[in-house]
Amino acid sequence: MGCMRLAVVLRRVLRFTAPAVLILLLAVAAQAQVVTEFSAGITAAANPLGITAGPDGNLWFTENNIGRIGRITPAGAVTEFSAGITAGAFPNGITAGPDGNLWFTESQRRVGRITPAGVVTEFSAGITGASPDGITAGPDGNLWFTESNGNQIGRITPAGVVTEFSAGLNVSASPRGITAGPDGNLWFTEFASNQIGRITPAGVITEFSAGIAAFSSPNGIAVGPDGNLWFTESNGNRIGRITPAGAVTEFSAGITAGVFPNGITAGADGNLWFTEFNGNRIGRITPAGVITEFSAGITAGAFPRGITAGPDGNLWFAEIGLDRIGRITTGGALSPPTISKSFGAGSIALNGSTSLTFTLGNPNAAQSLSGIGFTDTLPAGLVVSTPNGLAGSCGGGTITATAGSGAVTLAGAALAASVSCSFSVNVTDTTAGVKNNTTTAVTSTEAGNGGTASATVTVAAAIAPPTISKSFGTANIPLNGSTSLSFTISNPNAAQSLSGVGFTDTFPAGLAVSTPNGLVGSCGGGTITATAGSGAVTLAGATLAASASCSFRVNVTGTTVGIDNNVSGAVTSIEGGSGGAASATITVAAIPVGPSVPTLQPWVLGLLGLLLLLTGNAVLRHKIG
């Protein structure tokens, strides 16, 4: 039925509306403003009044009735500050100062300063006029404020030195809003005298009334994207525009009667946005003067007052009647959030684990997105690891990744304009095969559904452990003799590398690493330990590509006689686990092996003895003679 009514309206528009106006109407109709109201954390009867964007990326507002300053994050978290604010202060306007702090007016003849950390300082010296009201940062590095009952314009330095100006100001002006103009001056509204005032940094005041209807009551004022000043006419129910030269134009078409326009600010979309205090609406006016009103989502009795452009590209406003802060999107064609995902490895071993990373982004340059979420149901044979290894976060959203479950979800995330987030969890495979994993569409409150994300991981079948073999250079060595001991380690897997490969070979008693050890060769970048004189050789941390092998050798020395049976420990790896051992045998002999010596007969031995005796006697007689 709604679509039928829209079609009827459009047909009538086609018949009676000029094509250019029709295009504008269709463009406006296509926009989708979304209002969100925040009340949690705001004390009852606080009466939020002024609001501004702070240097810390948050919004700051005055709580007029209870004498506090409030801070609200773009996600809606509120903090209130009261320490240092005099009871009965009634804070009004607020603005960001040139010193990185927030400055606010207090009706009871004071100006306050609050740091982003919440430390408040009040200044009263030099303020004679009652009811300081609007406040703004000036082009001269000072703060400028209006005194609505004191009928003066005040200037306060960041050090707190106050100067007041009244010369040239209508005696019944009742100045309200104030802003720094594009011409290097300050511009302000005169609520009671129906004028717009301009004051130079030197304090020279000029008033403009031509073109402003009687009893209009100019109130809020802001610089527009067109280089002019735009102001609300609360009693006149109009929006006014004044050039730096003082030429005024008023706009009323499109504003409902009796809405009492109040605060006004420039939006990130190139338009001006204003509050309608009695109308319970937010209004938008283009630089050409086309006005649109928005009420959907604003609770009755809100009575919106101050309004400002937020760091997230939205408009934020104070609801004095319901103790809330409101946010309205600028609308337009919004892009939904984006999502991508990836596994930490392209392939993993059966029962192995890897990371699964998600990245979400807000592609809109001037619009935040909230309510962002998705669900990733893992394919069969893939589960969240125990523990889940969750790392990272996403826009304050809730990430659910229960260990042992088959799903990962994100809900309620918020991303500022052009911001992204990433988080990861670990997943473990339980079956072999190719795992194709696709998420649901990523969603958001403002821009609806986006796309999905896909990634693939291959789970290899059972991985074989490495193999090891060993051999001595010779089967026999003499006591204290040496020979080589060679090792060969292989990866039998045709499509899987192995890492963390290692073993320990503890020698039997009577066998030791030679000095020097004679190490030759290497093994997959691993560490080979063969300390001279020790009884062991080890390998640790080697990596072997698929179907690869490595070899190395050391020299060993036999220190005791016997047959030495040498069996290594099992060779191990991270992916394939433990493999087999290797063995080899060597014999250490007591004497060197040489030619045999013939055995002599007893008679031969006796003859040799007689011969030695005769020879000895002959030598003796020769010496005596």
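Fair warning: this is a prediction, and the values are worked out from it, not measured in the lab.

Each value, and the rule that gives it
Residues numbered from 1 in each chain as written. Predicted model: local features only at pLDDT ≥ 70, side-chain atom pairs only at ≥ 80, totals over all residues. Heavy atoms only, no water. Helix = DSSP H or I, 4+ residues; strand = E, 2+ residues; numbered from the N terminus. Rg over C-alpha atoms; globule rule 2.2 N^0.38 Å. Buried < 20%, exposed > 50% of the residue type's maximum accessible area, 1.4 Å probe, protein only. Areas by Shrake-Rupley, 256 points an atom, 1.4 Å probe, with all protein chains shown as cover. Lys, Arg positive; Asp, Glu negative; His and termini not counted. Charge placed at Lys NZ, Arg CZ, Asp CG, Glu CD. Salt bridge = Lys/Arg side-chain N within 4 Å of Asp/Glu carboxyl O. Core = buried A, V, L, I, M, F, W, Y, C linked by side-chain atoms within 4.5 Å. Contact = heavy atoms within 4.5 Å. Patch = residues over 30% accessible without salt bridge, like charges linked within 9 Å, V, L, I, M, F, W, Y side chains within 5 Å. Pairing = 2+ DSSP bridges. Axes fitted to C-alpha atoms, helices over the stretch in contact; angles between N-to-C directions. Disulfide = S-S within 2.5 Å.

1. As for the overall build of the protein chain
No. 1: Regarding its fold elements, the protein chain presents three helices and 52 strands.
No. 2: Relative to a compact globule of 625 residues, whose C-alpha radius of gyration would be 25 Å, the protein chain shows 45 Å and is clearly more extended.
No. 3: By residue count, 45% of the 625 residues in the protein chain fall in the buried class.
No. 4: Total accessible area computed for the protein chain in this model is approximately 26400 Å², and 58% of it derives from carbon and sulfur atoms.
No. 5: Of the side chains in the protein chain, 25 bear a positive and 29 a negative charge, and the two mean positions are spaced by 10 Å.

2. Comments concerning the pattern of salt bridges
No. 1: One pass over the full model with this rule turns up 10 salt bridges.
No. 2: Between arginine 110 and glutamate 106 there is a salt bridge; the shortest N-O distance is 2.7 Å. One exposure class covers both arginine 110 and glutamate 106, and it is buried.
No. 3: As a salt-bridge pair, arginine 238 and glutamate 250 come within 3.6 Å of each other at their nearest N and O atoms. With arginine 238 in strand S20 (residues 238-242) and glutamate 250 in strand S21 (residues 248-251), this pair connects stretches of sequence that are 12 residues apart.
No. 4: Among the charged side chains, a network of salt bridges with common partners joins Glu106, Arg110 and Glu122.

3. Some points on the nonpolar core
No. 1: Of all hydrophobic cores here, the largest spans 30 residues; its most connected members are Phe487, Ile489, Phe503, Val537 and Phe552.
No. 2: Mapped by element, the contributors of at least two residues to this core are strand S40 (467-472), strand S42 (482-490), strand S43 (498-506), strand S44 (511-513), strand S47 (536-544), strand S48 (549-558) and strand S52 (583-589).
No. 3: Apart from the residues within four sequence positions on either side, valine 537 is in contact with Phe487, Phe503, Thr504, Asp505, Phe507, Val513, Thr529, Ala530, Phe552 and Val554.
No. 4: If you look at the next biggest cluster of nonpolar residues, it comprises 29 residues, including Ile348, Leu369, Val425 and Val427.

4. Thoughts on a nonpolar patch on the surface
No. 1: Together, Leu610, Leu613 and Leu614 make up an exposed nonpolar region whose accessible area comes to about 300 Å².
No. 2: Counting through the fold element by element, leucine 614 comes out in helix H3 (residues 602-624).

5. Some details on the pairing of strand S14 (residues 175-180)
No. 1: Relative to strand S15 (residues 186-190), S14 runs antiparallel, the two being bridged by four bridges. In the sheet register, threonine 179 faces S15, and the bridge partner there is tryptophan 187.
No. 2: Where S14 folds back onto S15 in an antiparallel hairpin, the turn is made up of five residues, including glycine 184, whose phi is positive at roughly 85°.

6. Here's the deal with the sheet that holds strand S10 (residues 132-137)
No. 1: Taking strand neighbours across the sheet as the criterion, the four strands line up as S10-S11-S12-S13 in an open arrangement whose pairing is antiparallel. Each having just a single partner strand, S10 and strand S13 (162-165) make up the two edges of the open sheet. Across the sheet, the mean angle from the axis of one strand to that of its neighbour is 25°, orientation sign disregarded.
No. 2: Note: strand S12 (residues 152-156) against S13, four bridges, orientation antiparallel. Considered in S13, the bridge of isoleucine 156 is made with valine 162.

7. Here's the deal with the state of the cysteines
No. 1: Evaluation of the coordinates by the stated rule reveals two disulfides.
No. 2: The disulfide that involves cysteine 394 links it to cysteine 421, with 1.9 Å between the sulfurs. Residues cysteine 394 and cysteine 421 are joined by a disulfide whose S-S torsion is about -40°; by sign, that bridge is left-handed. Here the residue cysteine 394 occupies a position in the loop between strand S34 (391-393) and strand S35 (398-400), and cysteine 421 occupies one in strand S37 (residues 420-429), the gap between them amounting to 27 residues. With respect to burial, cysteine 394 and cysteine 421 carry one shared label: buried.
No. 3: Residue cysteine 523 pairs covalently with cysteine 550 via a disulfide, S to S 1.8 Å. Measuring the twist about the S-S bond at about -45°, one finds the cysteine 523-cysteine 550 disulfide to be left-handed. Taken together, the residues span a long stretch of sequence, with cysteine 523 in the loop between strand S45 (520-522) and strand S46 (527-529) and cysteine 550 in strand S48 at a distance of 27 residues.

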